[in-house]
Amino acid sequence: MALPTALLESLHHVPGYDENGFIRVHESNLNITSVRFNKYKPIAGEQEYLPLKRQVPWNEAGYYLAERPSFTLDPLFHAGAYYVQEAGSMFVAQALQQSGMLDKPLTVLDLCAAPGGKTTLIQNMISEQSVLVANEVIKTRVPVLIENLTKWGADNTIVINNDPSEIGKLQGIFDIIVVDAPCSGSGLFRRDKNAIKEWSPEAVTLCSKRQQRILSDIWPALKPGGLMIYSTCSYSREENENIAKFLEETNHAEILELNNIDKTWGIVESPVGNGTGYRFYPDKVDSEGFFLCCVRKSDTDGHIQYLSEAADKTDKKTEALAKDWLNANTDYQVYQNKEQVFAMPLPTFKLFNVLKKHLNIRKAGFKVGDIAHNKLVPDHALALSEKYTANIDGIELNKKQALQYLSKLNFDFEEDIKDGWYIVKYRHLSLGFVKKIGNRFNNYYPKDWRIRQSID
Ligand SMILES: C[S@@+](CC[C@H](N)C(=O)[O-])C[C@H]1O[C@@H](n2cnc3c(N)ncnc32)[C@H](O)[C@@H]1O
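Residues numbered from 1 in each chain as written. Predicted model: local features only at pLDDT ≥ 70, side-chain atom pairs only at ≥ 80, totals over all residues.

So, the overall build of the protein
Here is step 1: When you go through the protein residue by residue, the secondary structure sums to 15 helices and 22 strands.
Here is step 2: What you see for the protein is a C-alpha radius of gyration of 23 Å, in line with the 23 Å of a compact globule of 456 residues.
Here is step 3: Expressed along its principal axes, the backbone C-alpha trace of the protein runs to roughly 70 × 55 × 35 Å.
Here is step 4: Across the 456 residues of the protein, 46% fall into the buried class. (Helix = DSSP H or I, 4+ residues; strand = E, 2+ residues; numbered from the N terminus. Rg over C-alpha atoms; globule rule 2.2 N^0.38 Å. Buried ≥ 20, exposed ≤ 12 C-beta atoms within 10 Å, placed from the backbone.)

Here we look at the site of the ligand
Here is step 1: The ligand sits among 17 residues. The nearest are Cys 112, Gly 117, Lys 118, Asp 180 and Pro 182.
Here is step 2: Looking at the shell around the ligand residue by residue, the class counts come to 9 nonpolar, 3 polar and 5 charged. (Near = placed C-beta within 6 Å. Nonpolar A, V, L, I, M, F, W, Y, C, P; charged D, E, K, R; others polar.)

Describing helix 15 (residues 399-406)
In an α-helix, one turn spans 3.6 residues; hence positions three or four apart end up facing the same way.
Here is step 1: The set of residues buried in helix 15 consists of Ala 402, Leu 403, Tyr 405 and Leu 406. Considered in projection along helix 15, the buried side chains sweep an arc of 155 degrees and stay on one side of the axis.
Here is step 2: On its buried face, helix 15 sits against helix 4 (75-78), strand 20 (420-426), strand 21 (429-437) and strand 22 (440-443).
Here is step 3: Directly after helix 15, the chain includes Lys 408, whose backbone phi takes a positive value near 65 degrees. (Arc of directions from axis to C-beta. Contact = placed C-beta atoms within 7 Å.)

Brief notes about the packing of helix 10 (residues 201-218) against helix 11 (residues 241-251)
Here is step 1: Contact geometry of helix 10 with helix 11 gives a least axis separation of 10 Å together with a crossing angle of 40 degrees. The chirality of how helix 10 crosses helix 11 is right-handed. Two secondary-structure elements touch here, helix 10 through Ser 208, Gln 211, Gln 212, Leu 215 and Ser 216 and helix 11 through Asn 242, Ile 243, Phe 246, Leu 247 and Thr 250.
Here is step 2: Of the residues contributing to the contact of helix 10 with helix 11, the split by class is 4 nonpolar, 6 polar and no charged. (Axes fitted to C-alpha atoms, helices over the stretch in contact; angles between N-to-C directions. Left-handed = near helix turned anticlockwise from the far one by under 90°.)

Here we look at the domain arrangement of the protein
How big an interface is tends to be reported as the loss of accessible area on association of its parts.
Here is step 1: When cut into domains, the protein gives domain 1 (5-25 + 87-296) and domain 2 (316-449).
Here is step 2: Its C-alpha centre places domain 1 at a distance of 33 Å from the equivalent point of domain 2.
Here is step 3: With 22 residues of domain 1 in contact, the opposing surface of domain 2 contributes 22 residues.
Here is step 4: Contributing elements (two or more residues each) for the side of domain 1 that touches domain 2: helix 7 (142-152), strand 7 (157-160) and helix 8 (164-167).
Here is step 5: Considered class by class, the residues forming the side of domain 1 that touches domain 2 number 9 nonpolar, 7 polar and 6 charged. (Domains from an automatic or database assignment.)

Brief notes about the sheet that holds strand 22
Here is step 1: On the basis of which strands lie adjacent, the open sheet formed by 4 strands has the order 19-20-21-22 and mixed pairing. At either end of the open sheet lies a strand with only one pairing partner, and these are strand 19 (394-396) and strand 22. Strand-to-strand twist in this sheet, taken as the mean axis angle between neighbours without regard to direction, amounts to 40 degrees.
Here is step 2: When strand 19 meets strand 20, the two strands line up parallel, connected through 3 bridges. Bridge pairing in strand 20 places Gly 394 opposite Ile 423. (Pairing = 2+ DSSP bridges.)

Digging into the pairing of strand 3 (residues 62-65)
Here is step 1: Here 3 bridges tie strand 1 (residues 34-37) to strand 3, and the two strands are oriented antiparallel to one another. Residue pairing for strand 3: Val 35 is matched across the bridge by Tyr 63.
Here is step 2: Both strand 2 (residues 52-55) and strand 3 contribute to a ladder of 3 bridges, which runs antiparallel. Residue pairing across strands places Arg 54 opposite Tyr 64, the latter belonging to strand 3.
Here is step 3: Counted between consecutive antiparallel strands, the loop separating strand 2 from strand 3 contains 6 residues.

Here's the deal with the environment of Glu 60
Here is step 1: Relative to the helices and strands, Glu 60 is located in the loop between strand 2 and strand 3.
Here is step 2: Taking the C-alpha atoms as reference, Glu 60 lies 48 Å from His 373; in sequence the two are 313 residues apart.

Thoughts on the environment of Lys 151
Here is step 1: The residue Lys 151 is located in helix 7 in this model.
Here is step 2: C-alpha separation for the pair Lys 151 and Leu 384, spaced 233 residues apart in sequence, amounts to 5.9 Å.

Quick word on the environment of Leu 403
Here is step 1: Of note, Leu 403 is situated in helix 15.
Here is step 2: Setting aside residues no more than four positions away along its own chain, Leu 403 makes contact with Leu 73, Pro 75, Ile 451 and Ile 455.

What to know about helix 10
Here is step 1: Over its 18 residues, helix 10 extends 26 Å from the first C-alpha to the last, a length consistent with the 26 Å expected when each residue adds 1.5 Å.
Here is step 2: Along helix 10, the residues that are buried comprise Val 204, Cys 207, Ser 208, Gln 211, Ile 214, Leu 215 and Ile 218. Buried residues in helix 10, looked at end-on, bunch into an arc of 130 degrees, giving them a common side. Counted as exposed and oriented over 90 degrees from the buried face of helix 10: Glu 202, Leu 206, Lys 209 and Arg 213. (Expected span 1.5 Å × (residues − 1).)

Some remarks on the sheet that holds strand 3
Here is step 1: Taken together, 4 strands build an open sheet; the order of strands is 2-3-1-4 and the sheet is antiparallel. Since the sheet does not close on itself, it has two edges, and those belong to strand 2 and strand 4 (82-84), each with one partner. Recorded for the sheet is a direction-independent mean angle of 35 degrees between the axes of neighbouring strands.

Thoughts on the nonpolar core
It is characteristic of soluble globular proteins that their nonpolar side chains tend to be buried jointly.
Here is step 1: In terms of nonpolar packing, the biggest core is built from 122 residues, with Val 92, Ile 177, Val 179, Val 295 and Ala 343 touching the most fellow members.
Here is step 2: By residue number, the principal contributor to this core is strand 13 (residues 290-296), which donates 6 residues.
Here is step 3: Looking at which domains feed residues into this core, each of domain 1 (5-25 + 87-296) and domain 2 (316-449) gives three or more.
Here is step 4: Setting aside chain neighbours within four positions, we find Ala 343 in contact with Ala 322, Leu 326, Tyr 332, Gln 333, Val 334, Gly 365, Phe 366, Val 368 and Tyr 388. (Core = buried A, V, L, I, M, F, W, Y, C linked by C-beta atoms within 7 Å.)

Notes on the confidence of the model for the protein
Here is step 1: Chain-level pLDDT for the protein is 94 on average; 97% of the residues reach the 70-or-more range.
Here is step 2: Across the interface, the model reports ipTM at 0.99; the global pTM reads 0.97. (pLDDT = per-residue confidence, 0-100.)

Let's talk about the pairing of strand 21
Here is step 1: Where strand 20 meets strand 21, 7 bridges bridge the pair, whose relative direction is antiparallel. For Lys 425, the partnering residue across the bridge sits in strand 21 and is Ser 430.
Here is step 2: Here strand 21 pairs with strand 22 via 4 bridges, running antiparallel. Residue pairing in the sheet places Val 434 in a bridge with Asn 443 of strand 22.
Here is step 3: Between strand 21 and the antiparallel strand that follows it, strand 22, lie 2 residues; Gly 438 among them carries a positive phi value of about 60 degrees.

Next comes the structure, spelled out in structure tokens:
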């Protein structure tokens, strides 16, 4: 399908745009696949596990693959060992690394988070004492965000479902806000021909206005001196450099420049104000289209301190039940909501107590389980929170058994073991719970997440 003429014409004076190269690369239908590994779930023998081709130069956890395997039929994909992500999106890592803020405990907001690509990246980069709030305004997109964060084992995250204007009422609360804005999507044209059909100059104008509104709404929530990382998968100036200019003009934001961006990487530097925007064109770099820029909020804007609010007390009996399941060498706080029991690191718990008075919380930390008849029935999220599961017995499965488990089928297991709960694993990474009763295993894999395609 031909690229829209109106788009090509609009890009003529945009830095780095080369019409012939741009058209040629879109005609090539080249399929580039890249993944980013989860540092908390290292794969034994990672190098030979996936067909790795080379490292993504701007993110050491990212790799290009020589071919696209069936991720659905890889148990470690379901275990949260890696996330399939465009290489350009992984550039967020450079912005975070160069912020000079990562060694401090931070409060970070990922404002437009679903399905969770940037959230999982940020979670791997901030310290364990930091808290990451992942927001998705569209209700139907929240479950996939929760699913991906649960698999990632992200215990220091809080998922919310709010309009940016509601979050913006919490003034000066976040050290870093990432806005991966909804956009006209031209950066996806090579991969997704439908995106071409949906594109129009009017859509660009509409998106640009929406981006300005989102940023104006959320700006008050950024701390003085805080960092905003803004990105889109559009090539249009109206959604990129013009938006950075808008922030500079309306909020006196300082547009930043990143250091040591190697010229051989092929990323185009586009001057904006006193800073730089970073453009990814698929004819210059192995990625789909992407734009990113960083802005800093002036340090003199008033500062509002959020005091930690009184937390609800968790029942002592519930705490004791949870303790039986959770690794004693980990610091955590237990939270109870009716029969449901959650755990999370202390800083996450403190922020949760502030946010729950103002926002629509969909997940905080991870669910340990449900209380039923004075016992705790463990939740799938506990199995995937590897850091906490040292006290729970594990069973190592082979690939066939692992895929049967993930499809919610019965699987054959020859060894004689005592009755009770087990975490089933593949290559030492957790897949979920089973309960052995007599000569059968009850499979507790979540029904909605099961593999639906044939595994033979
Ligand atoms: C580019 S996608 C985000 C992709 C995600 N950051 C990732 O890396 O996986 C943009 C997101 O913004 C959300 N969105 C749409 N309208 C919005 C609005 N008015 N305010 C905030 N977010 C919005 C969309 O639902 C979508 O999930």
